[in-house]
Amino acid sequence: MQFENLIGGRWQGQNFTQNVNPSDTADVIGEYASATLDETQDAIRAAAAARGQWRDFPPAERVAALRRIGNTILERRAELGAALSREEGKIRAEGIGEATRAGMTFLYYASQVEQEQGSLFSSSRANTAIHTARKPVGAVGIITPWNFPLAIPAWKIAPALAFGNTVVFKPADLVPSSAWLLAEIIHQSGIPDGVFNLVMGKGRTVGDAMAKSPDLNAITFTGSTATGLAIARAGIANGPKRIQTEMGGKNSLIVLDDADLVTAIDAVMDGAFVSTGQRCTATSRVIATRGIYPSLIEGVAKRMKGLRVGHALEADIDIGPLASQAQFDQVSEYIELGQREGAELVAGGEAIENSTPGYYLQPALFAGGASQMRINQEEIFGPVACVIETDDLDDAIITANDTRYGLCAGIITDSNKAIVKFQREMDAGMLHVNRSTALTELHVPFGGSKSSSYGPREQGTAAREFFTTLATVYTTTVV
Ligand code: NAD
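Rules behind the numbers
- Residues numbered from 1 in each chain as written.
- Predicted model: local features only at pLDDT ≥ 70, side-chain atom pairs only at ≥ 80, totals over all residues.
- Heavy atoms only, no water.
- Pairing = 2+ DSSP bridges.
- Helix = DSSP H or I, 4+ residues; strand = E, 2+ residues; numbered from the N terminus.
- Contact = heavy atoms within 4.5 Å.
- Axes fitted to C-alpha atoms, helices over the stretch in contact; angles between N-to-C directions.
- Expected span 1.5 Å × (residues − 1).
- pLDDT = per-residue confidence, 0-100.
- Patch = residues over 30% accessible without salt bridge, like charges linked within 9 Å, V, L, I, M, F, W, Y side chains within 5 Å.
- Areas by Shrake-Rupley, 256 points an atom, 1.4 Å probe, with all protein chains shown as cover.
- Salt bridge = Lys/Arg side-chain N within 4 Å of Asp/Glu carboxyl O.
- Lys, Arg positive; Asp, Glu negative; His and termini not counted.
- Charge placed at Lys NZ, Arg CZ, Asp CG, Glu CD.
- Near = heavy atom within 4 Å.
- Polar contact = N/O pair within 3.5 Å; in protein donor to acceptor, adjacent residues only side chain to side chain.
- Nonpolar A, V, L, I, M, F, W, Y, C, P; charged D, E, K, R; others polar.
- Domains from an automatic or database assignment.
- Parallel < 35°, antiparallel > 145°, perpendicular 65-115°, else oblique.
- Left-handed = near helix turned anticlockwise from the far one by under 90°.
- Buried < 20%, exposed > 50% of the residue type's maximum accessible area, 1.4 Å probe, protein only.
- Right-handed = clockwise from strand over helix to strand, strands pointing away.
- Buried area = accessible area lost by both parts, 1.4 Å probe.

Asks: Looking at this structure, I do not really get the sheet that holds strand E6 (residues 120-121). What am I missing?
Replies: Pairing between the strands of a sheet is mediated by backbone hydrogen bonds and can be parallel or antiparallel. The 3 strands are arranged E6-E7-E23 in an open sheet whose pairing can be described as antiparallel. If you trace the sheet from one side to the other, it starts and ends with E6 and strand E23 (468-476), each paired once.

Asks: Before we go on, may I ask you to explain the sheet that holds strand E4 (residues 16-21) in this structure?
Replies: With mixed pairing, the 3 strands of this open sheet are ordered in space as E1-E5-E4. The outermost strands of the open sheet, each flanked by one partner alone, are strand E1 (2-3) and E4. Relative to strand E5 (residues 24-33), E4 is paired through 6 bridges, and the arrangement is antiparallel. Residue asparagine 21 lies in a different strand from E5, and its bridge partner there is aspartate 24. Across the sheet, helix H4 (residues 77-88) lies against E4 and E5, angled at about 110° from E5, the strand it touches most. On top of the sheet, helix H7 (residues 176-187) reaches E1, E4 and E5; it is set at about 45° to E5, its chief contact.

Asks: It is not clear to me how helix H12 (residues 325-341) should be interpreted in this structure. Could you clarify?
Replies: Every α-helical turn comprises 3.6 residues, leaving residues that sit three or four positions apart pointing alike. Its 17 residues give H12 an end-to-end C-alpha distance of 24 Å, which sits within 8% of 24 Å, the value for a rise of 1.5 Å per residue. Against strand E15 (344-347), strand E16 (364-367) and strand E17 (384-390) lie the buried residues of H12. Immediately beyond the C-terminal end of H12, within one or two residues, lies glycine 342, with a positive phi of roughly 105°.

Asks: Even after reading the chapter, I still don't get the confidence of the model for the protein, so can you show me in this structure?
Replies: Detail in the predicted coordinates should be disregarded across regions flagged by low pLDDT. When pLDDT is averaged across the protein, the result is 97; 100% of the residues are at 70 or more. For the protein, per-element mean pLDDT is lowest for E6, which scores 96, and highest for strand E9 (residues 166-170), which scores 99.

Asks: Hey, could you run me through a negative patch on the surface in this one?
Replies: A contiguous patch of negative charge on the surface is contributed by Asp257, Asp258, Asp260 and Asp414. Here aspartate 414 shows up in the loop between strand E19 (408-412) and helix H14 (416-425).

Asks: Where do I start with the environment of leucine 181 in this structure?
Replies: Along the chain, leucine 181 falls in helix H7. Spatially, the C-alpha atom of leucine 181 lies 16 Å from that of glycine 201, the residues being 20 residues apart in sequence. Contact partners of leucine 181, with chain neighbours within four places excluded, come to Arg76, Glu79, Leu80 and Ala83.

Asks: Help me understand the site of the ligand, please; the structure alone is not making it clear to me.
Replies: Around the ligand lies a shell of 28 residues, among which Thr144, Ser224, Met247, Cys280 and Glu379 are the nearest. Glycine 223 places a polar main-chain atom, nitrogen or oxygen, 3.3 Å from an oxygen atom of the ligand. The side chain of serine 224 places a nitrogen or oxygen atom 2.6 Å from an oxygen atom of the ligand. Out of a free accessible area of 850 Å², the ligand has 85% covered by protein chains. Elements with a minimum of two residues in the shell around the ligand: helix H8 (203-212), strand E11 (218-222) and helix H9 (225-237). Top contributing element to the shell around the ligand by residue count: H8, with 3 residues. Looking at the shell around the ligand residue by residue, the class counts come to 13 nonpolar, 10 polar and 5 charged. A domain-level breakdown of the shell around the ligand finds at least three residues from each of domain 1 (2-247 + 452-476) and domain 2 (251-433).

Asks: How should I be thinking about the packing of helix H13 (residues 393-400) against H14 in this particular structure?
Replies: The description of two helices packed together rests on the angle between their axes and the distance between the axes. Where H13 contacts H14, the two axes come as close as 11 Å, and the packing angle between them is 25°. Compared by their axis directions, H13 and H14 come out roughly parallel. Judged by the sense of rotation from one axis to the other, the crossing of H13 with H14 is right-handed. Where H13 approaches H14, its residues Leu393, Asp394 and Ile397 are matched on the opposing element by Ala418, Lys421, Phe422 and Glu425. In the contact of H13 with H14, the residues fall into 4 nonpolar, no polar and 3 charged.

Asks: Hey, could you run me through the pairing of strand E8 (residues 139-143) in this one?
Replies: The side chains of a regular strand alternate between both faces of the sheet. The element E8 is extensively covered by neighbouring structure, given that 5 of its 5 residues are classed as buried. Note that E8 and E9 share 5 bridges and pair parallel. Bridge pairing in E9 links glycine 141 to valine 168. Where the polypeptide runs from E8 across helix H6 (residues 151-162) and back to E9, its parallel neighbour, the crossover connection is right-handed. Of the strand pairs in this sheet, E8 and E11 are connected by 4 bridges, and their pairing is parallel. Directly across from isoleucine 143, in E11, lies its bridge partner phenylalanine 221.

Asks: Would you take a moment to explain the domain arrangement of the protein for this structure?
Replies: Many structure descriptions define interface size as the accessible area lost when the parts assemble. Under the domain assignment, the protein is made up of domain 1 (2-247 + 452-476) and domain 2 (251-433). Summarising the inter-unit geometry, the C-alpha centres of domain 1 and domain 2 are found 31 Å apart. Each side of the interface is counted separately: domain 1 has 25 residues, and domain 2 has 28 residues. Contact between domain 1 and domain 2 buries roughly 2100 Å² in total, counting both sides, with carbon and sulfur atoms accounting for 57%. At the boundary of domain 1 with domain 2, the tally comes to 0 salt bridges.

Asks: Please explain the environment of histidine 187 as it appears in this structure.
Replies: With respect to the helices and strands, the residue histidine 187 is situated in helix H7. C-alpha of histidine 187 to C-alpha of leucine 198: the two residues are 11 residues apart in sequence and 9.9 Å apart in space. Setting aside residues no more than four positions away along its own chain, histidine 187 makes contact with Leu6, Gly9, Trp11 and Asp193.

Asks: Looking at this structure, I do not really get the pairing of E16. What am I missing?
Replies: Here E16 shows no split at all, with Ala364 and Phe366 on one side and Leu365 and Ala367 on the other all buried. For E15 and E16, the ladder comprises 3 bridges, and the chain directions are antiparallel. Paired with glutamate 344 across the strands is alanine 367, a residue of E16. In this sheet, E17 lies alongside E16 in parallel orientation, the contact comprising 4 bridges. By the bridge assignment for E17, leucine 365 is matched with alanine 385.

Asks: Sorry if this is basic, but what is going on with the pattern of salt bridges here?
Replies: Note on pairing: side chains with opposite charge can pair once their charged atoms come close. Taken as a whole and assessed by the stated rule, the structure comprises 17 salt bridges. Between arginine 86 and aspartate 27 there is a salt bridge; the shortest N-O distance is 2.8 Å. Placement of arginine 86 in helix H4 and of aspartate 27 in strand E5 is noted, with a sequence separation of 59 residues between them. Here aspartate 391 makes a salt bridge to arginine 290, at a shortest N to O gap of 2.4 Å. In this pair, aspartate 391 sits in the loop between E17 and H13 while arginine 290 sits in the loop between strand E14 (283-289) and helix H11 (293-305), placing the two residues 101 residues apart along the sequence. Here aspartate 391 falls in the partly exposed class, since its relative accessible area comes to 46%. The class for arginine 290 is partly exposed, based on a relative accessible area of 43%. Here the salt bridges share partners, and the residues they tie into one network are Arg290, Glu389 and Asp391.

What follows is the structure, encoded as structure tokens:
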């Protein structure tokens, strides 16, 4: 079956590419349109043309449309979650959880539409008032990665539409099925043609044209640091347009001697291996002080023996396959590299045969790693964690900060003094105490520091800053 792009309210497509299930590469999910440069330009023109109509759309009707989208996603969460798992490889419960979050995100931003829109100020002049008014930025380009095929598009599309912007949405080419289903739901919500456009296709064609287009007023991107920085450069040079890029991570979890061991093991298991480790917020560097280092490694390795890796849609599976052959090759190469660099492979790391052909890998745990090893500096983006031994809290924080990334970080400890120091000195955008680094909520700001983020935060109330612009209005009454 063929699935087309949505441009100016019309489904259309010329070139199609196959979407394959990473749990079973013999399972072809469908053929999805890959937009040409001309089609991308058409979508941008459609979004630009619809700007005024959507800006002036009655807010109550905008709220109603967002609620329809959110409620439809929630009603269809089992189906959408399964479709997501089939194309991305995360297990069914996680797919449904992600669909639920996407639905809740639309409902959350529906509730933001009717919040206050500006402030009133006095003037130094007689008979004059000054107020500020929030306005939509305009036509927004949205470029997303493959690892959260519903949640990340939702947390960009929902605030964009809520605050009166029109959208050109380019999903990652690995996960067009989730994007297409989401686009169909948005299209059926009754919003005017051209307000939301879907252009599936290649980054170097579709994404590049979006970044360079002077007709888009903003680009919000999530993906790798290299792509994000290239988009930021192109976006500023061609416009300039407003830019928000959420990029890579190499997140540290500090475990101190006074930590509750079970809490620490739980945090490593969740942070490093859930979603096959393919989360930007995943725990990759575990930095443990000497006293707890051996028991932590032993405890995690023991727990890993119980992990069931298999087809994402089968029952009783803990971890699905990696999302693609490229992902499988990249993660396997890092596991070999870690051993060459001198880290000890304590558990896992081997390819797994399953009854269906797919990208199955046993999660891997390294120990004895040094902070500057490449496996502890570069984003592996798979189910791989390395434990680094450290002297004390001071050394642990220095080591945790010793990366170019700063998305999130965590600490497991019973010491209030250590928690305060960690919160003050850790250079990362999201800090977790006695919990996994990977868990975030939709109503609070999301983003990082250093090479992990550029531009304003996303999600929660922070999204308003990116998706609106402020006009300062001076009004003098002629008396
Ligand atoms: P990627 O950078 O390869 O691709 C992301 C998107 O950019 C895709 O839609 C892709 O088609 C597009 N793209 C690629 N080249 C482009 C170009 N030249 N111009 C414009 N667009 C282009 O990333 P990915 O492999 O899809 O995702 C994994 C990465 O995403 C990891 O680095 C991960 O850490 C990161 N990520 C970050 C966050 C966060 O919030 N910080 C969340 C999830 C994933």
